[in-house]
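Okay, here's what each chain looks like letter by letter:
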Protein chains: 2
Amino acid sequence: MQNNELSLNDIRRLISSLWDTLTEEQRYSVEESLSIRKYKKNEIIYTEEEMPTCIYCVLTGKVKIYRDGVGGRSQIMRMLKPVEYFGYRAYFANERYVTTAAAFEPSTICSIPITIIGDIVKQNNHLAVFFIRQLAADLGQSDERTVNLTQKHIRGRLAESLLFLKENYGLEEDGATIDIYLSREDLASLSNMTTSNAIRTLSNFASERIIAIDGRKIKIINEDALRKISKIG
Amino acid sequence: MQNNELSLNDIRRLISSLWDTLTEEQRYSVEESLSIRKYKKNEIIYTEEEMPTCIYCVLTGKVKIYRDGVGGRSQIMRMLKPVEYFGYRAYFANERYVTTAAAFEPSTICSIPITIIGDIVKQNNHLAVFFIRQLAADLGQSDERTVNLTQKHIRGRLAESLLFLKENYGLEEDGATIDIYLSREDLASLSNMTTSNAIRTLSNFASERIIAIDGRKIKIINEDALRKISKIG
DNA sequence: AGGAAATTATGCTTTTGAGCATGCAAATTT
DNA sequence: AAATTTGCATGCTCAAAAGCATAATTTCCT
């Protein structure tokens, strides 16, 4: 799927959680204005300070949403997979973007002008409720994340990130390897620590036989131990 | 105002940002089911793990939303003032509460059964858009907060909190004293640090003539300095 | 009013994690 | 194939912040 072209029907099917809320007329208007684009690894989709122009949906690939914090230290806020939507919060809050979005690996992204969606939201309750649900869920996650990142110690934060990656992206056929490969630097940025400490802590987990590492591949050996470490902080 | 009874018209005026979106019929239904209650200082409005039953609106007083984190260390997530709404996120995300809400000082709180509001949202676009805006703004703030709390050093975090309190609650007649009195412990919980460090850092700010402290009263003497400290982290 | 409990202040110790330097290996470029 | 860059690993040092103890002060409760 990654390398092939997507047909219009594929797209309709992929974006169904939004598509299904629309009327005939609204579907026509969305279909007229949507566009599909491929992004290379690390290619930027939008950046901090920009005015929002589109809502995006990951069709294939993976996307990271991050912020450049104090002293250029960047912090990954969210990681997305198919078929998740992003880039619309700032528009609804009437703000510029406070984050940057980039393709984490080669990805196909669908974009729809946000004003089109904004107009439909004002008429279509199903769509409005769709966004309320998304935002409410994201806000809960963001709040949880705040506490996790601020209160847990390094081992707890890394354990938490590994579990998150497993939940979010799943495992490969072997039933153990996390189905996303991050550099130590990205893992650090996701877990709020320096690259050095991500490397060190990952090595420690490996020598404690909690995980096994092979380059960027991470196998979870003892998930219970990870959960325990994540829980106690 | 704090100590008097509120008339129905007072209430309608106070909750106008929500009220104004409603039809006659919906107003009737809300008016039928809303209730007003006074909460004492530190009295709990709802707690973590509970199922959401109501949406709340602060009519008078102040409310804190906090989470009990690792090792009983609590973290203040948000502080509310009249006329802000809270307690609805979990319902829209179809979750239990992940936070606790408590009156920070004697407060009058309006509550409306959340199912009533949920039903109206499904029919009334203005109300749906109202919640989309609220949630989108809160999510942006939560994301900003995550980066601030994780990346700034102690002085930066405390400076940031003091500026937030000033923006949010304003100043007293003297044009300098922040119009909310927090214990050092709450200030710590808002700034993600231990009580010891909140006390120490506050004393340092005072001896640097950036602020003046008199018990729980905090006067901002040099706001520029505070901004600088908050910015550089 | 008076005693108990909570809050604030201050000093000292210990732990955590950031910051650097160095070495090595793999990947990319020339 | 050599050279350069990038990423991973490890050790060492140092600063930041947590933890703890003690005392003074204020607030709360009966």
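Residues numbered from 1 in each chain as written. Chains lettered and ligands numbered in written order. Predicted model: local features only at pLDDT ≥ 70, side-chain atom pairs only at ≥ 80, totals over all residues.

**Topic: the relation of the copies chain A and chain B**
Mapping between the two chain copies consists of a rotation about an axis together with a translation along that axis.
Stage number 1. Once chain A has been moved 0.0 Å along the axis and rotated by 179°, it coincides with chain B to within an RMSD of 0.1 Å. Those values place the two copies in the arrangement expected of a two-fold rotation axis.
Stage number 2. Residue by residue, 100% of the interface of chain A is reproduced at the interface of chain B, so both copies engage with the same surface. (Least-squares fit on C-alpha atoms with pLDDT ≥ 70 in both. Contact = placed C-beta atoms within 7 Å.)

**Notes on the protein's contact with DNA strand D**
Stage number 1. R184 and S203 of chain A together with H153, I154 and N197 of chain B are the nearest of the 17 residues found near DNA strand D.
Stage number 2. Elements represented by at least two residues in the surface near DNA strand D include exactly α8 (184-191) and α9 (195-207) of chain A together with α9 (195-207) of chain B.
Stage number 3. It is α9 of chain A that contributes the most residues to the surface near DNA strand D, five residues altogether. (Near = placed C-beta within 6 Å. Helix = DSSP H or I, 4+ residues; strand = E, 2+ residues; numbered from the N terminus.)

**Re the sheet that holds strand β8 (residues 107-113) of chain A**
Pairing between sheet strands relies on hydrogen bonds along the backbone, with the strands arranged either parallel or antiparallel.
Residue and element names in this part refer to chain A.
Stage number 1. The strand order across the open sheet formed by four strands is β1-β8-β3-β6, and the pairing between neighbours is antiparallel. Taken across any chain shown, the strands that pair with only one partner, and hence form the sheet edges, are β1 (35-39) and β6 (85-86).
Stage number 2. In the sheet, strand β3 (residues 54-60) pairs with β8 via six bridges, with the strands oriented antiparallel. Each residue of the ladder has a partner; that of T60, found in β8, is T108. (Pairing = 2+ DSSP bridges.)

**Things to note about the protein's contact with DNA strand C**
Stage number 1. Taken together, 16 residues surround DNA strand C, and among them H153, I154 and N197 of chain A together with S183 and R184 of chain B come closest.
Stage number 2. Secondary structure elements with two or more residues in the surface near DNA strand C: α9 of chain A together with α8 (184-191) and α9 of chain B.
Stage number 3. Taken together, the residues that form the surface near DNA strand C break down as five nonpolar, seven polar and four charged. (Nonpolar A, V, L, I, M, F, W, Y, C, P; charged D, E, K, R; others polar.)

**Regarding the interface of chain A and chain B**
Stage number 1. With 39 residues of chain A in contact, the opposing surface of chain B contributes 40 residues.
Stage number 2. At the level of secondary structure, the elements contributing two or more residues to the side of chain A that touches chain B comprise β5 (74-80), α4 (89-92), α5 (114-123) and α6 (125-151) of chain A.
Stage number 3. For the side of chain A that touches chain B, the per-class residue count stands at 16 nonpolar, twelve polar and eleven charged.

**Focus: the domain arrangement of chain A**
Residues and elements named next belong to chain A.
Stage number 1. For chain A, the assigned domains read domain 1 (8-149) and domain 2 (153-232).
Stage number 2. One C-alpha centre belongs to domain 1, the other to domain 2; they are set 27 Å apart.
Stage number 3. Of the residues lining the interface, nine residues belong to domain 1; the matching set on domain 2 comes to nine residues.
Stage number 4. For the side of domain 1 that touches domain 2, the secondary-structure elements that each account for two or more residues are β5 and α6. (Domains from an automatic or database assignment.)

**Overview of α8 of chain B**
Residue and element names in this part refer to chain B.
Stage number 1. Extensive coverage of α8 is indicated by the burial of six of its eight residues.
Stage number 2. Each element contacted by the buried residues of α8 is listed here: β4 (63-68), β5 (74-80), α7 (154-169) and α9.
Stage number 3. N192 occupies a position one or two residues after α8 and carries a positive phi of about 55°. (Buried ≥ 20, exposed ≤ 12 C-beta atoms within 10 Å, placed from the backbone.)

**Section: the environment of V98 of chain B**
Stage number 1. By the element assignment, V98 of chain B lies in the loop between α4 (89-92) and β7 (100-103).
Stage number 2. Each C-alpha atom, one on V98 of chain B and one on M51 of chain B, is 9.8 Å from the other, the two residues being 47 residues apart in sequence.
Stage number 3. Beyond its immediate stretch of four places on either side in the chain, V98 of chain B contacts G140, D143 and E144 of chain A together with E48, R67 and A90 of chain B.

**Some points on the nonpolar core**
Stage number 1. In terms of nonpolar packing, the biggest core is built from 125 residues, with I132 of chain A together with I132 of chain B touching the most fellow members.
Stage number 2. Leave out the neighbours within four places in its chain, and I132 of chain A touches F92, A128, F131, I132 and L135 of chain B. (Core = buried A, V, L, I, M, F, W, Y, C linked by C-beta atoms within 7 Å.)

**A few points about unusual backbone geometry**
Stage number 1. Omega for the peptide link from P82 of chain A to V83 of chain A comes to 0°, which places this bond in the cis form.
Stage number 2. Its place among the elements puts V83 of chain A in the loop between β5 and β6.
Stage number 3. Even without being glycine, N94 of chain B reaches a positive phi, approximately 60°.
Stage number 4. When you line up the elements, N94 of chain B lands in the loop between α4 and β7.

**Description of the sheet that holds β4 of chain B**
Residues and elements named next belong to chain B.
Stage number 1. The strand order across the open sheet built from four strands is β2-β7-β4-β5, with neighbouring strands paired in antiparallel fashion. Looking at strand neighbours, the two that pair on one side only are β2 (44-46) and β5, the edges of this open sheet. Across the sheet, the mean angle from the axis of one strand to that of its neighbour is 30°, orientation sign disregarded.
Stage number 2. One ladder, built from six bridges, connects β4 with β5; its direction is antiparallel. Bridging across to β5, R67 finds its partner in Q75. (Axes fitted to C-alpha atoms, helices over the stretch in contact; angles between N-to-C directions.)

**Let's talk about helix α10 (residues 223-232) of chain A**
All names here are of chain A.
Stage number 1. Three or more residues of α10 are buried, namely L226, I229 and S230. Within α10, the buried residues cover an arc of 100° as seen down the axis, which keeps them to one side. Of the exposed residues in α10, the ones pointing more than 90 degrees away from its buried face are D224 and K231.
Stage number 2. Positioned one or two residues after α10, G233 has a phi angle of 95°, which is positive. (Arc of directions from axis to C-beta.)

**Brief notes about the environment of L8 of chain A**
All names here are of chain A.
Stage number 1. Locating L8 in the fold gives a position in helix α1 (residues 8-14).
Stage number 2. By C-beta crowding, L8 is classed as exposed, having 10 other C-beta atoms within 10 Å.
Stage number 3. Remark: the alpha-carbon pair of L8 and E31, spanning 23 residues in sequence, is separated by 8.9 Å.

**Quick word on the packing of α6 of chain A against helix α6 (residues 125-151) of chain B**
Stage number 1. Where α6 of chain A meets α6 of chain B, the axes come as close as 9 Å, and the angle between the chain directions of the two elements is 20°. Classified by the angle between their axes, α6 of chain A and α6 of chain B sit roughly parallel to one another. In terms of crossing hand, the pair formed by α6 of chain A and α6 of chain B is left-handed.
Stage number 2. By residue class, the composition of the contact of α6 of chain A with α6 of chain B is 16 nonpolar, eight polar and six charged. (Parallel < 35°, antiparallel > 145°, perpendicular 65-115°, else oblique. Left-handed = near helix turned anticlockwise from the far one by under 90°.)

**Points about the pairing of β3 of chain A**
Residues and elements named next belong to chain A.
Stage number 1. Burial runs high along β3: six of the seven residues are buried.
Stage number 2. Across two bridges, β3 lies against β6 in antiparallel orientation. Bridging across to β6, Y56 finds its partner in F86.

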